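# Observations on the model geometry
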Amino acid sequence: MPFSFHTVSALVLRYLFLYTRHPVRFVELIFWPLVDLLVWGFLTIYLQKQAAGGFPTTITFLIGGMILWDVLFRSQQGVAISFLEDVWTRNLLNVFVAPVRTVEYVAATCMVGILRVGVTLVVLSVVAAAAYGFNLAHLGLALLPFLANLLLFGWFLGMVSTALILRWGQAAESLAWAVPFFIQPLAAVFYPVSVLPGWLQPIANSLPCTPIFEGMRTVLSGRPIPWGIIQNAFLLNLVWGALAAWFFAANLRHVRKTGLLVKVATQ
Amino acid sequence: MPSATPILEADRLVKVFGDSTALEGLSFTVAEGETLGLLGVNGAGKTTAMNLLLGLTTPTSGTVRIFGMDLWKHRIKILRQVNFSSAYTSLPSNLLVWQNLAVFARLYRVPHPKQRIDELLEVLDITQLRNSVTGRLSAGESTRVNLAKALLNKPRLLLLDEPTASLDPDIADRVRKLLRRLQTETGLSVLYTSHNMRDIEEVCDRMIFLHGGKVLAEGTPDEVKTRFNQASLEDFFIGVARGEIEAIGIQ
């Protein structure tokens, strides 16, 4: 049996116990995104008032960008923070000597990513609709492929973050939070790729999330769903997924060879 | 009485980390029902050996066969019948004891997990800790909860890394007696590392003393004492640590 959902469910159960035992964990899931939403929301209102009709209503791009960025970020955090939880609680060795395949362990952290995204997305959508009249459902059918692509890319960034922490140990823990922000300036979250210098644009366009944010602005502007852009994002995700899996597996092999796995797990 | 069937076979294990050689061709077996002690001064290679046997570190050369299967080719199948407890790992501190055990019971596909957990809590005399927060347990309680986790899947082979480290003599004695009883009742094979010579004398059928990544001595605790003309294992240990005992009589 190459992959066991039973094993994945056991690992996910652990996180469910953790979150249900400590409601403060939900606060952590909701607090920062809400702060971001409030800041961007009020900034949007202010800009709209200042513009006195001169600004297009599409300034709601800011709120849309913020919410979709949070999907990517929470998905990445689901993978990277779940791994760090095992390091912090010195439980990693117990998991690695249990009958758990690496792919099952990664899949469980990805599932945690989905749960984290789900909670945050529901709260942000409700608050954005109630406070600013921004309805995520305006993205229509495009919403699902947008979310799917961001979720996937978040997982892959999470795998890269985890691989780096495995390789560099405690000193690299901050990468669990920093990795998504390395790419944020290029991801066209709040502005189109066209504002970037020409030499940065190919790099920006190689990120699977960039077409999604561009696509979001297209849909919010009332234009048809850009299916070509969505397809492009899926293709880029395939490439990034393969690279992230290779990078993670190569680093895991390296830390097993050098004994760093045990050092990271018992630090 | 241990049978002759080897449960674990380490064959010419070599592990090199950069310029340093942690293990130099370590070979040994653990028979079914046997408790083998792995001893050595700090840096002798015990932990490296344990990590190789658990698949946490890959050997530079050599093989590990458990239940007759190659560890790296049949890792998952083997690990379902093996378990591990160490003084240097812990279960997630923010979960309740039963929650931690329930998660590992599911990971090891333990049938009737609730019944098995209750049974182990009773055997280990920690039923009252069922709803305790794992991170608030004393060292002795924590060791017993870790042991409960290690026994959940009724392992055929149990690897214990200094299970009595940081325990007071009373609790250490209880843990040793418990291990002995479990070993007698279930025919469990155990590989046991410790710095506590009393552990080795009371719990182990046989011992291997590692020094500089090689086997310095092997046999029953009494055989080793006799061969090196030492009054106690502790004297033997100190003699090796201080360089007073040469590598003689290796077998």
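All values reported here derive from a predicted model rather than from experimental measurement.

### A few points about the packing of aromatic side chains
- Enumeration according to the criterion identifies 13 aromatic pairs over all chains in this entry.
- Ring geometry for Phe17 of chain A and Trp98 of chain B: centres 5.4 Å apart, planes at 75°, overall edge-to-face. Of this pair, Phe17 of chain A sits in helix 1 (residues 5-21) while Trp98 of chain B is found in helix 3 (residues 97-107), placing the two residues in two different chains.
- For the ring pair Trp88 of chain A and Trp177 of chain A, a centre distance of 6.4 Å and an interplane angle of 15° mean the geometry is stacked. Of the two residues, Trp88 of chain A is situated in helix 3 (residues 61-88) and Trp177 of chain A in helix 7 (residues 175-183); the sequence distance between them amounts to 89 residues.
- Judged by relative accessible area, Trp88 of chain A falls into the partly exposed class, the value being 42%.
- On the basis of relative accessibility, which here comes to 36%, the residue Trp177 of chain A falls in the partly exposed class.
- Put simply, the rings of Phe209, Phe228, Phe236 and Phe237 of chain B touch in pairs and so form one group of aromatic residues.
- Lying over the aromatic face of Trp168 of chain A, Arg167 of chain A brings its terminal NZ or CZ to 5.9 Å of the ring centre.
- Against the face of Phe104 of chain B rests Lys149 of chain B, its NZ or CZ located 5.5 Å from the ring centre.

### Notes on the pairing of strand 2 (residues 20-31) of chain B
Residue and element names in this part refer to chain B.
- One ladder, built from 9 bridges, connects strand 1 (residues 6-17) with strand 2; its direction is antiparallel. When the sheet's bridge partners are listed, Phe17 is paired in strand 2 with Ser20.
- Where strand 1 hands over to strand 2, the hairpin turn is made up of 2 residues, of which Gly18 adopts a positive phi near 60°.

### Things to note about the nonpolar core
- Grouped together as the largest cluster of nonpolar side chains are 174 residues, with contacts concentrated most on Ile67 of chain A together with Phe28 of chain B.
- If you tally residues by element for this core, the top one is helix 3 of chain A, at 15 residues.
- Once residues lying within four places of it in the same chain are set aside, the contact partners of Ile67 of chain A are Leu37, Leu121, Leu124, Ala128, Phe134 and Leu136 of chain A.

### Brief notes about the environment of Thr89 of chain B
- Here Thr89 of chain B lies in the loop between strand 6 (82-86) and helix 3.
- Since its relative accessible area comes to 4%, Thr89 of chain B is described here as buried.
- With 33 residues separating them in the primary sequence, Thr89 of chain B and Glu122 of chain B have C-alpha atoms 23 Å apart.
- When near neighbours in sequence (up to four residues on either side) are disregarded, Thr89 of chain B contacts Arg90, Leu93 and Asn94 of chain A together with Phe84 and Asn146 of chain B.

### A closer look at the sheet that holds strand 5 (residues 69-70) of chain B
Residue and element names in this part refer to chain B.
- The strand order across the open sheet formed by 4 strands is 2-1-4-5, and the pairing between neighbours is antiparallel. Each having just a single partner strand, strand 2 and strand 5 make up the two edges of the open sheet.
- Pairing geometry for strand 1 and strand 4 (residues 61-66), over 5 bridges, is antiparallel. For Asp11, the partnering residue across the bridge sits in strand 4 and is Thr63.
- Relative to the sheet, helix 1 (residues 46-53) contacts strand 1, strand 2 and strand 4, its axis offset from that of strand 1 by approximately 120°.

### Overview of the pairing of strand 9 (residues 206-211) of chain B
All names here are of chain B.
- Extensive coverage of strand 9 is indicated by the burial of 5 of its 6 residues.
- Summarising the sheet, strand 9 and strand 10 (residues 214-219) pair through 5 bridges and their orientation is antiparallel. Counterpart to Leu210 in the pairing with strand 10 is Val215.
- Connecting strand 9 to the antiparallel partner strand 10 that follows it, the hairpin turn spans 2 residues, and Gly212 within it adopts a positive phi of roughly 60°.

### Here we look at the interface of chain A and chain B
- Counting residues at the interface gives 32 residues for chain A, matched by 35 residues for chain B.
- For the pair chain A and chain B, the summed buried surface comes to about 3,200 Å²; carbon and sulfur atoms form 60% of the total.
- Where chain A packs against chain B, one counts 0 salt bridges.
- Taken together, the links from chain A to chain B amount to 13 residue pairs in polar contact (both at pLDDT 80 or more).

Scoring rules and cut-offs
Think of each chain on its own: its residues are numbered from 1, step by step along the sequence as written. Starting at A for chains and at 1 for ligands, labels are handed out in the order in which the entities are written. Predicted model: local features are reported for residues with pLDDT of at least 70 only, side-chain atom pairs are reported and counted for 80 or more only, and whole-chain, interface and lining totals are derived from all residues. The basis for every side-chain value is the complete set of heavy atoms in the structure, and neither hydrogens nor water enter the calculation. Centres within 6.5 Å make a pair out of two Phe, Tyr or Trp rings, where for Trp the six-membered ring is used; the pair is then stacked when the planes are under 30 degrees apart, edge-to-face when over 60, and tilted otherwise. Each helix is a run of H or I in the DSSP string that is no shorter than four residues. Each strand is a run of E no shorter than two, and both are numbered from the N terminus. Three exposure classes are used, based on accessible area relative to the maximum for each residue type with a 1.4 Å probe and protein chains only: buried under 20%, partly exposed in between, and exposed over 50%. Charge-over-ring placement is defined geometrically: NZ (Lys) or CZ (Arg) within 6 Å of the ring centre, and within 35 degrees of the ring normal. Strand pairing is assigned whenever DSSP identifies at least 2 bridges connecting the two strands. Throughout, nonpolar core names a set of buried Ala, Val, Leu, Ile, Met, Phe, Trp, Tyr and Cys residues whose side chains join them through atoms within 4.5 Å. Throughout, a contact is declared for two residues whenever any of their heavy atoms are within 4.5 Å. Working convention: axes come from line fits to C-alpha atoms, limited for helices to the stretch in contact. Angles between N-to-C directions cover 0 to 180 degrees. The term buried area means the drop in 1.4 Å probe accessible area that two parts suffer when joined, counted for both and summed. Basic side-chain nitrogens of Lys or Arg form a salt bridge, by our definition, when they fall within 4 Å of a carboxyl oxygen of Asp or Glu. Definition of a polar contact: a pair of N or O atoms within 3.5 Å, with one able to donate and the other able to accept a hydrogen when the atoms are protein atoms, and with sequence-neighbouring residues admitted only if both atoms are side-chain atoms.

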